[in-house]
Amino acid sequence: MEKTGIYRFMAEPFHCDFSHRLFMGHLGNHMLNAADFHSSDRGFGMAYLNKVHKTWVLSRLAIEMNEMPAQYTKFNVETWVESAMKYFTNRNFRVTGEDGHVFGYGRSVWAMIDTRTRQPQDILSERDGEIKDWIETDKECPIEKSSRVKMSDKAELVSTIDTHYNDVDVNGHINSVKYIEHVLDLFNIDMYKEYNIKRFEIAYVAESHGGDKLSFYREKTGDNEWCIRIVKIEKGSGDNVEVCRSKVVFTKI
């Protein structure tokens with residue numbers, strides 16, 4: 001079996017926006033599916049980990065696109081493990097058309113946790129460190145790694161939402177992709193008529209769960225660049241706890 005996995009998808013019509021191109025959230029979902037297929041095929045996926053009370057959780061994701069696949073376009077998501085450390089592993093993605101055309105790339109960082117204690121687990125001790133056998137160091141991912149999203153105290157509160165059933169994933173917390181969708185909803189449709197998303201980053205800091213109320217703080221940090229901080233309002237105390245940060249970079253159409 002090759003170190004790189006290649007998985008075929010299609011930009012289904014109802015996964016596309018008004019421009020007839022794939023939603024960023026759905027692309028992120030395809031990447032996460034590809035990651036699961038790849039790890040499961042090689043013996044360290046969710047199907048195995050759940051049996052030993054462990055799971056993968058996404059820590060960081062960066063997606064940089066030249067263009068999004070158009071409606072009905074069949075495309076491949078390639079994925080491979082770039083490196084593995086005690087508590088984190090780096091996984092990359094490449095999105096290509098059937099003709100080899102490169103739509104864009106992704107970088108991600110994952111942690112393994114115990115599903116009962118929610119505490120980080122030693123990745124290299126799982127199955128005698130078999131993940132190291134699948135590390136691919138010769139394949140290029142030319143986009144920058146996720147940056148530390150820096151924001152000032154001047155960030156403006158722009159939205160507060162309740163979370164519900166459809167926000168919660170198999171790990172029992174708010175779905176990683178749902179955060180992406182909620183962040184991109186902070187910009188109105190007119191913005192997307194003039195600009196494409198060039199790069200999207202998100203870093204997860206803490207878990208939130210169904211029923212939590214999420215507040216979104218937004219700050220313009222550069223030309224066509226916005227940073228977002230998401231906090232949950234703790235039940236009982238009313239304290240704000242940061243759950244993730246995101247950066248969106250737009251480019252003029």
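Everything below is about the structure shown above.
Residues numbered from 1 in each chain as written. Predicted model: local features only at pLDDT ≥ 70, side-chain atom pairs only at ≥ 80, totals over all residues. Heavy atoms only, no water.

Enquirer: Would you explain the packing of helix α1 (residues 24-41) against helix α3 (residues 176-184) in this entry?
Expert: When two helices pack together, their arrangement is captured by the angle between the axes and the distance separating the axes. Taken N-terminus to C-terminus, the directions of α1 and α3 make an angle of 165°; their axes are 9 Å apart at the nearest point. With respect to α3, the axis of α1 lies roughly antiparallel. Considering the relative orientation of α1 and α3, their crossing is right-handed. Of α3, the residues touching α1 (which contributes Met 24, Gly 25, Gly 28, Asn 29 and Leu 32) are Ser 176, Val 177, Ile 180, Glu 181 and Leu 184. (Axes fitted to C-alpha atoms, helices over the stretch in contact; angles between N-to-C directions. Helix = DSSP H or I, 4+ residues; strand = E, 2+ residues; numbered from the N terminus. Parallel < 35°, antiparallel > 145°, perpendicular 65-115°, else oblique. Left-handed = near helix turned anticlockwise from the far one by under 90°. Contact = heavy atoms within 4.5 Å.)

Enquirer: Which parts of the structure should I look at to understand the packing of aromatic side chains?
Expert: What characterises a pair of aromatic rings is the spacing of the ring centres plus the angle enclosed by the ring planes. Applying the stated rule across the entire model yields seven aromatic pairs. An aromatic cluster is defined as three or more aromatic residues linked by ring pairs; in this entry it consists of Phe 187, Tyr 192, Tyr 195, Trp 226 and Phe 250. Its guanidinium or amino end placed over the ring of Trp 134, Arg 42 lies 5.3 Å from that ring's centre, counting from NZ or CZ. The lysine or arginine in question, Arg 218, covers the ring of Phe 187, its NZ or CZ lying 5.1 Å from the ring centre. (Phe/Tyr/Trp six-rings, centres within 6.5 Å; stacked < 30°, edge-to-face > 60°. Lys NZ or Arg CZ within 6 Å of the ring centre and 35° of its normal.)

Enquirer: Got a minute to help me understand α3 in this structure?
Expert: Along α3, seven of the nine residues are buried, which leaves the element largely enclosed by surrounding structure. If you check the start of α3, you find a side-chain oxygen 2.7 Å away from the backbone N of Val 177, and it comes from Asn 175. (Buried < 20%, exposed > 50% of the residue type's maximum accessible area, 1.4 Å probe, protein only. Polar contact = N/O pair within 3.5 Å; in protein donor to acceptor, adjacent residues only side chain to side chain.)

Enquirer: What is the right way to read the nonpolar core from this model?
Expert: Soluble, globular proteins show a tendency: their nonpolar side chains are buried together. Formed by 57 residues in total, the largest nonpolar core has its most connected members in Met 24 and Leu 27. A per-element tally of this core places α1 first, with six residues. The residues contacting Leu 27, other than those within four sequence positions of it, are Leu 22, Ile 63, Met 65, Met 68, Phe 75 and Val 95. Membership of the second largest hydrophobic core comes to six residues, among which are Val 149, Met 151, Tyr 217 and Cys 227. (Core = buried A, V, L, I, M, F, W, Y, C linked by side-chain atoms within 4.5 Å.)

Enquirer: It is not clear to me how empty space enclosed by the protein should be interpreted in this structure. Could you clarify?
Expert: The gaps left among the atoms become clear once a water-sized probe is rolled over them. Under the counting rule described, the total for this entry stands at one cavity of 30 Å³ or more. Of the voids in this model, the largest cavity is the one considered here, and its volume is about 60 Å³. Around the largest cavity sit Arg 42, Gly 43, Phe 44, Trp 56, Met 112, Ile 123, Glu 126, Arg 127, Glu 130 and Ile 131, which together line it. Across the lining of the largest cavity, the residue classes break down as five nonpolar, one polar and four charged. (1 Å grid on protein atoms, 1.4 Å probe; cavity = no way out; pocket = protein on both sides within 12 Å on 5 of 7 lines; lining within 4 Å. Points joined across faces, edges and corners; volume = space filled by probe spheres on them. Nonpolar A, V, L, I, M, F, W, Y, C, P; charged D, E, K, R; others polar.)

Interpretation in functional terms is not warranted from these geometric data alone.
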